[in-house]
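Letter by letter, the chains look like this.
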Amino acid sequence: MRPKELQCIVTFNTTTEAIAFEETAKKCGLEGRLIPVPVVITSTCGLAWRENINNRAMVEDILEKHKIGYGKIYKLEI
Amino acid sequence: MIYLDHAATSYHKPKEVAEAVYNAIQGVGNCGRGAHGASLDSSRIIYKTRVALSSFFNVKDPSRVVLTSNATESLNIAIQGLLKPGDHCISTTVEHNSVLRPLYHMESCGVELTLIPADQKGCISINDMESAISSKTKAIVINHSSNVTGNVIDIESIGRLCYKHKLLFILDASQTAGIIPIDMQNNNISALCCSGHKSLLGPQGTGVLCLAKEVSPTPLLFGGTGVDSFSKKMPPKLPTSLEAGTLNTHGFAGLLASINYIVHYEQINIYNKANDFAQYFIEKASRIPGITIYGDFNALVRTPVVSLNIRDTDSGIISDELYDRYGVAARAGMHCAPGVHEVFNTVNQGMVRFSFSHFNTIEEVEAAIDALRMIEEGIL
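Residues numbered from 1 in each chain as written. Chains lettered and ligands numbered in written order. Predicted model: local features only at pLDDT ≥ 70, side-chain atom pairs only at ≥ 80, totals over all residues.

Turning next to the overall build of chain B. Within chain B one finds eleven helices and twelve strands. Within chain B, the proportion of its 380 residues that are buried is 53%. Partitioning the intrachain contacts of chain B with sequence separation of at least 6 by distance along the chain shows that 70% fall at a separation of at least 24. (Helix = DSSP H or I, 4+ residues; strand = E, 2+ residues; numbered from the N terminus. Buried ≥ 20, exposed ≤ 12 C-beta atoms within 10 Å, placed from the backbone. Contact = placed C-beta atoms within 7 Å.)

Here it is as structure tokens:
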């Protein structure tokens with residue numbers, strides 16, 4: 001198992017939102033990726049974006065600027 | 001075979017469509033069902049398809065592009081999901097059964113239904129439509145073009161009418177999407193329903209439902225979505241709220257390729273070529289004695305669809321002769337549009353429908369005309 005690290009986690013309401021964010025995030029140079037939603041957040045399935053905690057401001061900026069729908073942003077050790 | 005039944009499905013597809021379907025079958029998983037590479041690749045294809053369709057129809061928001069299995073499913077979601085008992089709905093007698101049957105079903109559930117009759121050319125008067133509007137009217141449901149006559153309705157005027165009276169505008173674009181430009185915003189369309197396999201040149205098993213802002217039908221299907229597993233209800237957000245079950249990613253990969261093809265070659269060029277074939281066919285076929293062609297031929301815009309009969313001969317016999325002796329594939333019968341045959345008094349005969357594509361050739365069109373001429377001479 002990978003050692004746990006503090007991460008910025010973004011959840012989404014739909015797969016469409018998740019892929020829309022992925023496409024934009026890659027263009028904007030974010031280093032994260034889509035992962036299964038951690039069960040500590042919700043015991044449901046779905047996609048979440050895992051990002052270096054230091055990039056949280058950039059994540060928020062992308063969501064805002066590109067009007068991409070999302071659920072919540074979490075700070076989690078996973 | 002000379003295939004002239006493109007109104008049923010486009011038989012010739014761009015090679016890019018087949019390649020895209022093949023590649024998807026070889027290498028993608030299930031959209032929205034996991035975060036591994038195979039699933040994500042599928043989700044990315046589906047997302048790109050929504051983006052392409054959103055741009056193509058000027059929806060403005062890819063999440064309001066709902067992917068279905070065919071136009072009938074799209075129409076059922078729109079009609080059953082937006083109308084409620086006590087509402088009044090206006091449509092026409094010359095719709096396809098994919099519109100009529102859901103409307104008759106809703107009528108049996110308490111929706112009041114008015115069907116505007118067509119004139120002797122199969123055309124619908126927008127004034128008649130406006131006269132039918134009452135305080136209870138919720139929606140107008142209409143096809144953009146008849147799958148039998150090729151007549152095209154003026155959706156700009158209907159859009160204005162719906163805007164003026166605050167009505168939902170549900171458009172069946174099965175015969176026009178991909179060949180005649182449709183702009184959701186400019187035409188004030190609330191729900192655009194079409195198949196992916198006709199003029200959009202995609203694979204069968206693909207359908208599209210584009211929804212305007214704040215138009216949210218209740219779901220028709222309930223089931224797995226890949227999100228909110230513990231919720232007893234469908235997730236509220238579009239497009240997921242209307243997409244229970246696995247999407248046809250393989251098919252939509254093909255539809256994405258076909259949209260790109262149409263954008264590249266431009267709709268107007270595709271339309272002009274097919275329409276030239278239809279016009280040439282009309283001009284030549286109408287000179288054959290005993291042939292009756294149905295529809296409005298003074299219209300500026302028509303789809304490349306031509307339906308006809310030879311005297312009072314059963315359309316099935318003509319169609320069978322065409323294919324069996326001359327290899328011409330045309331469609332006989334009622335074409336799932338009973339009201340059209342009532343207008344033209346062909347309920348007991350049907351019609352033989354020829355529908356053209358830009359993939360056809362002038363030689364094929366000539367061969368079909370020659371075949372008709374020989375069949376007509378044989379009947380005499």
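The next thing to look at is the overall build of chain A. Looking only at helices and strands, chain A features two helices and four strands. Listing each helix as α and each strand as β along chain A from the N terminus yields β-α-β-β-α-β. Its C-alpha atoms give chain A a radius of gyration of 12 Å, within 12% of the compact-globule value 12 Å for 78 residues. Along the longest, intermediate and shortest principal axes, the C-alpha atoms of chain A span 35 × 25 × 15 Å. Burial status across chain A gives 36% buried among its 78 residues. (Rg over C-alpha atoms; globule rule 2.2 N^0.38 Å.)

Every contact between the two is made by 14 residues of chain A and, on the other side, 19 residues of chain B. Of all the elements in the fold, those that place two or more residues in the side of chain A that touches chain B are helix H1 (15-27) and strand S2 (33-36) of chain A. The dominant element in the side of chain A that touches chain B, judged by the number of residues it contributes, is H1(A), at four residues. The residue makeup of the side of chain A that touches chain B, split by class, is seven nonpolar, seven polar and no charged. (Nonpolar A, V, L, I, M, F, W, Y, C, P; charged D, E, K, R; others polar.)

With that settled, consider the sheet that holds strand S5 (residues 137-143) of chain B. Residue and element names in this part refer to chain B. Here we have seven strands laid out as an open sheet, ordered S2-S8-S7-S6-S5-S3-S4, and mixed in their pairing. In this open sheet, the two edge strands, each paired with only one partner strand, are strand S2 (65-68) and strand S4 (112-116). Taken pair by pair, the neighbouring strands of this sheet meet at an average axis angle of 15°, ignoring direction. Looking at chain direction, strand S3 (residues 88-92) and S4 are connected through five bridges and run parallel. From the neighbouring strand, His88 faces S4, where its bridge partner is Glu112. With respect to the sheet, helix H6 (residues 155-165) is in contact with S5 and strand S6 (168-172), its orientation differing from that of S6 by roughly 155°. (Pairing = 2+ DSSP bridges. Axes fitted to C-alpha atoms, helices over the stretch in contact; angles between N-to-C directions.)

Take the pairing of S6(B) next. Residues and elements named next belong to chain B. Among the five residues in S6, five count as buried, and that is most of the element. Every second residue of S6 is oriented toward a common face, with Leu168, Ile170 and Asp172 on one face and Phe169 and Leu171 on the other, all of them buried. With five bridges connecting them, S5 and S6 associate as parallel partners. Bridging from a neighbouring strand, Ala139 pairs with Leu168 of S6. Traced from S5 through H6 to S6, the parallel crossover comes out right-handed. Sheet topology places S6 next to strand S7 (residues 191-195); three bridges connect them, and they run parallel. (Right-handed = clockwise from strand over helix to strand, strands pointing away.)

Reading predicted coordinates in detail is not appropriate for stretches of low pLDDT. For chain B, the average pLDDT comes to 96, and 100% of its residues sit at 70 or higher. Reported confidence for the predicted complex is 0.90 by ipTM and 0.95 by pTM. (pLDDT = per-residue confidence, 0-100.)

Glancing now at the packing of helix H9 (residues 315-326) of chain B against helix H11 (residues 362-379) of chain B. All names here are of chain B. In contact at an axis separation of 10 Å, H9 and H11 are set at 115° when each is read in the N-to-C sense. Regarding H9 and H11, the two cross each other, and that crossing is right-handed. On H11, the residues that touch Ile318, Glu321, Leu322 and Tyr326 of H9 are Ala367, Ala371 and Ile375. Among the residues forming the contact of H9 with H11, the class breakdown is six nonpolar, no polar and one charged. (Left-handed = near helix turned anticlockwise from the far one by under 90°.)

Residues and elements named next belong to chain B. The sheet built from three strands is open, its strands ordered S9-S10-S12 with antiparallel pairing. Edge positions in the sheet fall to strand S9 (291-294) and strand S12 (352-355), since each of these pairs with one other strand and no more. The sheet shows a mean angle of 30° between the axes of neighbouring strands, taken without regard to direction. Both S9 and strand S10 (residues 305-310) contribute to a ladder of four bridges, which runs antiparallel.

A few words on the nonpolar core. Residues and elements named next belong to chain B. In this structure, Ile140, Ile170, Leu192, Cys193 and Cys210 are the most contacted members of the largest nonpolar core, which totals 130 residues. With eight residues, helix H7 (residues 249-265) is the largest single contributor of residues to this core. Those residues in contact with Ile170, other than ones at most four positions away along the chain, are Ala78, Ile79, Ala139, Val141, Ser190, Ala191 and Cys193. (Core = buried A, V, L, I, M, F, W, Y, C linked by C-beta atoms within 7 Å.)

Residues and elements named next belong to chain B. Packing of helix H2 (residues 37-56) against H7 brings their axes to within 9 Å, and their N-to-C directions diverge by 40°. The angle between H2 and H7 places the two elements in the oblique class. The crossing of H2 and H7 is left-handed. Packed against H2, whose contacting residues are Ser42, Ile45, Ile46, Lys48, Thr49, Ala52, Leu53 and Phe56, the element H7 presents Thr249, Phe252, Ala253, Leu255, Leu256, Ile259 and Asn260 at the interface. Here the contact of H2 with H7 is built from residues that sort into ten nonpolar, four polar and one charged. (Parallel < 35°, antiparallel > 145°, perpendicular 65-115°, else oblique.)

Turning next to the environment of Val328(B). Residue and element names in this part refer to chain B. Mapping Val328 onto the fold places it in strand S11 (residues 328-329). We classify Val328 as buried; it has 25 C-beta atoms within 10 Å. Taking the C-alpha atoms as reference, Val328 lies 27 Å from Lys121; in sequence the two are 207 residues apart. Setting aside residues no more than four positions away along its own chain, Val328 makes contact with Ile2, Leu4, Leu322, Tyr323, Ala367, Ala368 and Ala371.

Moving on, we come to the confidence of the model for chain A. Confidence along chain A averages 93 in pLDDT terms, with 96% of residues attaining 70 or more. Within chain A, no element has a lower average pLDDT than strand S4 (residues 73-77) of chain A, which sits at 94, and none a higher one than helix H2 (residues 56-65) of chain A, at 97.

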